[in-house]
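# Residue-level structural notes
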Amino acid sequence: MKKSVSSTGSAVADILDAEAIAEGVLPSLRPQLRRVTVLTEVDSTNSEINRLKPAEQHAHAILAERQTGGRGRRDRKWHSPAGGNIYLSFGWRFPHGDHPFSTLPLVAAIAVGNTLKRAGLEGHGIKWPNDILAGGKKLSGILVELKSSGSGGSTAIIGVGINVHMPSTGPEDPLKNIDRPWTDLDSQLREPFLPCNRNQLASGLLDQLLAALGRFERTGFESFRSAWKKFDLLEDGEVTVELDDGTVDGIARGVNDAGELLLETTEGKKRSFHAGEVRVFRGIRTF
Ligand code: BTN
């Protein structure tokens, strides 16, 4: 079995295994999972699901040890070295098109937040719309892509990257060029939760995604509101929202039914911002 060495120096027998991941999913949810595929290398797991025939996309999880063209939100790259992170994409077909899809990225972030909590992490939260931060640094990112899939249905591809054992190398390390502060689970978890087993983490993530997607189909965003409030790192904090044509300062006041960020501006106006239009870069709440 391949051994990888975590950044804390402990040797971890940790290679992704499709069978172990599928078997680790809760028995009550397993029937809803169609397939787990593990690849050694791929450009992007989201792109790989997208290339499949529609019938093969639903409830199919694709993981890779390494991505050569990992994609993030707003056309950013997602650095995806080999050595022990999670790069997972999950396809889900919604037979009806009448769901509040703009809130799906927030629902996916809650699922990831819950997964990390069950893995023993504390004090992490979500920076709207779906960055998972721990200790003020980015631990996980989510890219949700949606396309209509005929007869009124839609297919979502939910891509999750979680830094678990980020390999540390020398001064030429390309990870040093990541423009925002980042962290990994090795640095954030405490005993007895170390070392983190990636197969168990992936099974736990699929548990949370399956449960969340079922609930989202039944209730929309409504039943996720209280969880959002618990994870929301911005609420009641001073934030600056960056738009293409300037910035807006104000106090974050949660999200509306469309998952938009609500802001009480310093001029006393109420404004809402759609995901993708804005960047929030100040006022992160720490616990
Ligand atoms: C972001 O924070 O900008 C989103 C990052 C999403 C990264 C994941 S890794 C698995 C999946 N495949 C991709 O190419 N991107 C997502």
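Residues numbered from 1 in each chain as written. Predicted model: local features only at pLDDT ≥ 70, side-chain atom pairs only at ≥ 80, totals over all residues. Heavy atoms only, no water.

## Some thoughts on the pattern of salt bridges
- Counted by the stated rule, this structure contains 14 salt bridges.
- The salt bridge involving arginine 66 is made with glutamate 41; its shortest N-O contact spans 2.6 Å. Linking arginine 66 in the loop between strand E4 (60–64) and strand E5 (86–94) with glutamate 41 in the loop between strand E3 (35–39) and helix H2 (45–51), this pair joins segments that are 25 residues apart in sequence.
- Taking relative accessible area as the criterion, arginine 66 reaches 33% and is therefore assigned partly exposed.
- Residue classification places glutamate 41 among the partly exposed residues on the basis of a relative accessible area of 46%. (Salt bridge = Lys/Arg side-chain N within 4 Å of Asp/Glu carboxyl O. Helix = DSSP H or I, 4+ residues; strand = E, 2+ residues; numbered from the N terminus. Buried < 20%, exposed > 50% of the residue type's maximum accessible area, 1.4 Å probe, protein only.)

## Some points on the packing of helix H4 (residues 104–118) against helix H6 (residues 198–219)
- Between H4 and H6, the shortest axis-to-axis distance is 9 Å and the interhelical angle comes to 140°. Taken together, the axes of H4 and H6 are oblique relative to one another. In the crossing of H4 with H6, the sense of the turn from one axis to the other is right-handed. On H6, the residues touching Leu104, Val107, Ala111, Val112, Asn114, Thr115, Leu116 and Arg118 of H4 are Leu201, Gly204, Leu205, Gln208, Leu209, Ala212, Leu213 and Phe216.
- Grouping the constituent residues of the contact of H4 with H6 by class yields 11 nonpolar, 4 polar and 1 charged. (Axes fitted to C-alpha atoms, helices over the stretch in contact; angles between N-to-C directions. Parallel < 35°, antiparallel > 145°, perpendicular 65-115°, else oblique. Left-handed = near helix turned anticlockwise from the far one by under 90°. Contact = heavy atoms within 4.5 Å. Nonpolar A, V, L, I, M, F, W, Y, C, P; charged D, E, K, R; others polar.)

## So, the site of the ligand
- Every one of the 20 residues lining the ligand counts as a neighbour, but Ser44, Gln67, Arg71, Arg73 and Lys138 are closest to it.
- In the model, a nitrogen atom of the ligand is placed 3.1 Å from a nitrogen or oxygen of the threonine 45 side chain.
- One of the side-chain nitrogen or oxygen atoms of lysine 138 is found 2.5 Å away from an oxygen atom of the ligand.
- Protein chains bury 99% of the 420 Å² of accessible surface belonging to the ligand in isolation. (Near = heavy atom within 4 Å. Polar contact = N/O pair within 3.5 Å; in protein donor to acceptor, adjacent residues only side chain to side chain. Areas by Shrake-Rupley, 256 points an atom, 1.4 Å probe, with all protein chains shown as cover.)

## Examining the sheet that holds E4
- Read across the sheet, 7 strands follow the order E3-E4-E5-E9-E8-E7-E6 without closing on themselves; strand pairing throughout is mixed. The strands lining the two open edges of the sheet, one partner per strand, are E3 and strand E6 (125–127). Averaged over all neighbouring strand pairs, the angle between strand axes comes to 20°, with direction disregarded.
- Both E4 and E5 contribute to a ladder of 3 bridges, which runs antiparallel. From the neighbouring strand, isoleucine 62 faces E5, where its bridge partner is serine 89.
- In this fold H4 packs onto E5, E6, strand E7 (131–134), strand E8 (137–148) and strand E9 (154–162), with an angle of close to 140° to the strand it touches most, E8. (Pairing = 2+ DSSP bridges.)

## What to know about the packing of aromatic side chains
- Overall, the coordinates contain 4 aromatic pairs when judged by the stated rule.
- Between the aromatic rings of phenylalanine 94 and phenylalanine 216, the centroid separation amounts to 5.9 Å while the plane-to-plane angle is 75°, which identifies the pairing as edge-to-face. Taken as a pair, phenylalanine 94 in strand E5 and phenylalanine 216 in helix H6 lie far apart in primary sequence, 122 residues in all.
- Joined through ring pairs, the aromatic side chains of Phe94, Phe101 and Phe216 make up one cluster.
- The residue whose ring lies beneath arginine 215 is phenylalanine 224, and the NZ or CZ to ring-centre distance is 4.2 Å. (Phe/Tyr/Trp six-rings, centres within 6.5 Å; stacked < 30°, edge-to-face > 60°. Lys NZ or Arg CZ within 6 Å of the ring centre and 35° of its normal.)

## Quick word on H4
- Compared with an ideal rise of 1.5 Å per residue, which puts 15 residues at 21 Å, H4 spans 21 Å between its outermost C-alpha atoms and is within 8% of the ideal.
- Looking at the residues trailing H4, positive phi occurs at glycine 120, about 105°. (Expected span 1.5 Å × (residues − 1).)

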